[in-house]
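# Geometric and topological summary
Single-letter residue listing:
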Amino acid sequence: VMGSGAETVEYTARYLQEHGEKVGVVKVRLYRPFSVQQFLHALPSTVKSIAVLDRTKAPGSVGEPLYLDVVAALSEGHNRGISISPHVIGGRYGLSSKEFTPAMVKAVYDELKQDHPKEHFTIGINDDVTHSSLNYDPAFSIEHSATVQCIFWGLGSDGTVGANKNSIKIIGEETANYAQGYFVYDSKKSGSVTISHLRFGPHQIHAPYLIGPGQADFVACHQFTFLERLDVLKYAKPGGIFLLDTIYTSEEVWTHLPQEVQHDIIEKKLHLYIINAHKVAQDTGMGGRINTVMQTCFFAISGILPREEAIAQIKKSIKKTYSKRGEVVVQQNFRAVDATLEHLHEVPESAMMGIETLANIPVGVNGSTQRNGHGRSIPLPVLQRRAPVSLEAPMFVRDVLGPMIAGNGDDLPVSKLPIDGTYPSGTAQWEKRNLALEIPVWDPDICIQCGKCVMVCPHSVIRMKVYDSTELTGAPETFQTTDAHFKEFPGMKYTLQISPEDCTGCALCIEACPVKDKRQVGHKAINMAPQPPLREQEKDNWEFFLKLPYVDPAAINLSAIKNSQLLEPLFEFSGACSGCGETPYIKLATQLFGDRMLVANATGCSSIYGGNLPTTPWTKNAEGRGPAWSNSLFEDNAEFGLGMRVTLDKQQEYACELLAQCTNLLNEDLVDSILDADQSTEIGIQAQRERVALLKKHLQGLKTTESTAESRVRNLLSLADTLVKKSVWIIGGDGWAYDIGFGGLDHVLASGRNVNILVLDTEVYSNTGGQASKSTPRGAVAKFAARGKATPKKDLGLLAMAYGTVYVAHVAMGANDQQTLKAFLEAEAYDGPSLIIAYSHCIAHGIEMRRGMDQQKRAVQSGYWQLYRYNPLLAEEGKHPLMIDSKEPTLPLEEFAYNETRYRMLLQSDESRADTLMQLAKDDIRRRWEQYQQLAQEEPHTSK
Ligand SMILES: Cc1ncc(C[n+]2csc(CCOP(=O)(O)OP(=O)(O)O)c2C)c(N)n1
Ligand code: SF4
Ligand code: SF4
Ligand code: SF4
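Residues numbered from 1 in each chain as written. Chains lettered and ligands numbered in written order. Predicted model: local features only at pLDDT ≥ 70, side-chain atom pairs only at ≥ 80, totals over all residues. Heavy atoms only, no water.

### Let's talk about the packing of helix 19 (residues 637-661) against helix 22 (residues 707-719)
- Packing of helix 19 against helix 22 brings their axes to within 9 Å, and their N-to-C directions diverge by 140°. It follows from the interaxial angle that helix 19 and helix 22 lie oblique. Judged by the sense of rotation from one axis to the other, the crossing of helix 19 with helix 22 is left-handed. Of helix 22, the residues touching helix 19 (which contributes Q651, Y654, A655, L658, L659 and Q661) are R712, N715, L716 and L719. (Axes fitted to C-alpha atoms, helices over the stretch in contact; angles between N-to-C directions. Helix = DSSP H or I, 4+ residues; strand = E, 2+ residues; numbered from the N terminus. Parallel < 35°, antiparallel > 145°, perpendicular 65-115°, else oblique. Left-handed = near helix turned anticlockwise from the far one by under 90°. Contact = heavy atoms within 4.5 Å.)

### Some details on the site of ligand 1
- What surrounds ligand 1 is a group of 16 residues, the closest being E582, C605, G735, W736 and N767.
- C605 has a polar backbone atom sitting 2.9 Å from an oxygen atom of ligand 1.
- N767 places a main-chain nitrogen or oxygen 2.9 Å from an oxygen atom of ligand 1.
- Isolated, ligand 1 exposes 590 Å² of accessible area, and the fraction of that covered by the protein chains is 77%.
- Those elements that place two or more of their residues in the shell around ligand 1 are helix 23 (734-740) and strand 22 (764-765).
- Of all the elements, helix 23 adds the most residues to the shell around ligand 1, at three residues.
- Here the shell around ligand 1 is built from residues that sort into five nonpolar, eight polar and three charged. (Near = heavy atom within 4 Å. Polar contact = N/O pair within 3.5 Å; in protein donor to acceptor, adjacent residues only side chain to side chain. Areas by Shrake-Rupley, 256 points an atom, 1.4 Å probe, with all protein chains shown as cover. Nonpolar A, V, L, I, M, F, W, Y, C, P; charged D, E, K, R; others polar.)

### Looking at the sheet that holds strand 8 (residues 236-245)
- With respect to topology, seven strands assemble into an open sheet ordered 5-6-4-7-8-9-10, the strand pairing being mixed. Bordering the open sheet on either side are strand 5 (178-185) and strand 10 (345-346), each of which pairs with just one other strand.
- One ladder, built from eight bridges, connects strand 4 (residues 148-155) with strand 6 (residues 193-201); its direction is antiparallel. Across the sheet, I151 pairs through a bridge with H197, a residue of strand 6. (Pairing = 2+ DSSP bridges.)

### Re the sheet that holds strand 16 (residues 493-498)
- In space, the three strands of this open sheet follow the order 14-16-15, with antiparallel pairing throughout. Lying at the two open borders of the sheet, with one neighbouring strand each, are strand 14 (462-467) and strand 15 (482-483).
- Sheet topology note: the strand 15/strand 16 ladder contains two bridges and is antiparallel. Bridged to T482 within strand 16 is Y494.
- On top of the sheet, helix 15 (residues 532-547) reaches strand 14 and strand 16; it is set at about 130° to strand 16, its chief contact.

### Observations regarding the environment of P440
- Its location among the elements puts P440 in strand 13 (residues 438-442).
- Setting aside its immediate chain neighbours within four residues, P440 contacts I498, C503, C509, I510, I526, N527 and M528.

### Description of the nonpolar core
- Judged by nonpolar contacts, the single largest core of 79 residues is most densely connected at V466, Y494, L496, I526, L758 and F824.
- The element contributing the most residues to this core is helix 17 (residues 583-593), with six residues.
- When residues of this core are assigned to domains, at least three fall in each of domain 4 (429-563) and domain 6 (763-937).
- Those residues in contact with F824 that sit more than four places away from it in its chain are Y585, L588, A589, L592, F593, W729, L758 and I836. (Core = buried A, V, L, I, M, F, W, Y, C linked by side-chain atoms within 4.5 Å. Buried < 20%, exposed > 50% of the residue type's maximum accessible area, 1.4 Å probe, protein only. Domains from an automatic or database assignment.)

Nothing here speaks to function; it is geometry throughout.
Here is the structure:
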């Protein structure tokens, strides 16, 4: 074996040797050049059989690379007269980041003992297709009994991971113990589940793998809601400690635990400790940061250090970390530590009602009553862990995506996975992450039905519909409705509805609502309220709402925000950060063009929240039409999208040829109307769709025996859909567009082809943690620009405008949603390359995310971000192609910039440099404003 698995094999071999087994391992440290001599020298003459492990797959080869080298080396050894000739088998391990544990190593050694071991095997997956995998016992462990193994369940950005890293540092540096930590995240950008695997102990730790099921001495759950959907206690070992953050008291908590959790606690005889960490944090001025509280609990009860020493170490670490921020912060943290110890309780057995009897009740029996130890009649648990996805979800979602959502994807057998790697769309709707503590509540009496809240929602959670009153039959009692105020829909009803289980609580919608109730200060037409009491009711309302029809896009003028927001989004519930500034733009594109859209997505945040397993937010409408999406690479996305366009154009051209050739077999009027169709409007597109449907029906009914005609009909049938206008979108971030994919982007802009390029400009590489790109403006702090970026932002829009044939728009939804909508419509309508550069606020900016849209407004008011549209069509009409849509800057740049940590940081660390860069940044703004004014006044010329 070589590489990452070697340590695990070595220490398992040592363990097995200590237990009398005759096993060993050769670690290959230098692979090339492969030294036959050294290898043979390392093999003992007694060796009977060898399993060669490769962490790679060489399809079509006789075996994997190291296996082939070993077989060849032994053969050469034989030629050189070395007499050993062991039996050699080869196996793959650790592919797709699969775990490789001592249990798996033992299975490999066990296989070698067989009379007829598998010649080629896999370990760590359940391959029920080729049956090459070896079985192993996951309970096998080689960890030293003095090593304490701990698991922590947290929610991305709740501080759990940071606190654990700190614990490792404290224990590793300040005590004689060894420490180790692994951190496992799911694929969401934030709001994700994190599992920290920590080991501590007096002996060196050689365990480069995660803690296995049933092996943890200590399990902490920092989010109570996880219990309802995740098997948090699967890691706990009998007699272990379970620490739970909960709002319930010792007396109350038991009945609020799902039955499966109760069973685990009883069967494994776990010690249950509880703390109301959020309350302790609030009361001690720590706000929502529960990390110090939970860390203190861990130190107090895990037994790794004596309690007094542990608390002293925490306080020492607090002093070291926070003294720079002043004594007030240090004392605040000390108070949190002391208050934690006062509020941390072990739940006594007497509070675990009817504990012995309950242990015998099978899971699934509930709702009845039972006498507890004090003779009181108490209700048996009514809660059960819910399935990861609804039982109404399609089978593939239940059987394959469900286990992935529950964190058990590695256990899926190979036969369950799609054979060609394609996954269905529309799957994010089944996740129901229930992240929001508070959700918006609509006040229909004061709502002006403007659609602004719907437009900004990054997660497509808040939606509005206009419908006939007859549709209200069967509506839940709490379903809210009011008269619609749309001139296109007289006498109709209107509802604004949110999906309570998909809302992330970002509050962007609340901030966007322009209506303030004059009678009630602080009350708007939507307002935040706690989610738990509303959840069931709003879930029913949402389900009813989903069944109401969407309006026909052909029946409305799409250029008004309120109309556009009646359209169905075909991008929903993504795992982007709560309040993300990128996703509202993508959602808007799908509302306008989603049923005929093809998307080429660059790598970046948008490819992660867009197409990472287990689910995808890209979805389809009731007719089954939705965007076709694919992600190629970071560097080639523009060309990838251009390829889609060229292919479509070629297919359409061929379809037209075939159509003309088949005229004699078809209705001539139909053929002509398809070939001459005007598809510049939604009405025109829908009419073409109907004609193409008719054409396909005709073609399916045609009986022709003549072979040329038969093949034309067959080909035309397969290409007919390309006769309906398609919209190609090339989407990515600024790292892609300004930097790594710029060469390709420029090539595509120059191609003249009809593609729409959407640049989600966060001004940094957001997905990889905020590295500077050429879009990062002067003065902003980013990774690789730690002292504030010294050079100005590249003007991508200006470069594109230089062609004269490219539609270019610079937009910021939070500053001017109407201009954004206009730009999207114009870009798509333009028969050539279009480039929309969209300002996207981001967690990387260090802002209060709920104020993201307001920050966009400030960006425009200060001139930091200009709004404009450059439309080559206007030049053809003799008009100015460049329209500046923002006003001359009025807001001092500081009032935008110093709202953001990325600018404030420099002010704090190096005020004089911050001042210098701020001055230069202001000069950049002034120069750009003057330059654009000049451009907008130049005599128009046609370049096309
Ligand atoms: C050629 C290449 N280099 C680096 C990466 C790693 N990588 C993935 S996403 C990303 C950053 C993307 O930044 P940006 O394009 O600005 O999009 P954002 O994440 O901000 O939406 C990087 C560097 C990669 N995938 N390919
Ligand atoms: S709070 Fe955020 S996620 Fe929830 S509906 Fe409003 S904008 Fe959407
Ligand atoms: S933003 Fe406010 S007024 Fe406008 S639709 Fe939403 S709730 Fe109604
Ligand atoms: S763009 Fe920023 S806010 Fe949006 S998902 Fe990426 S990191 Fe999060």
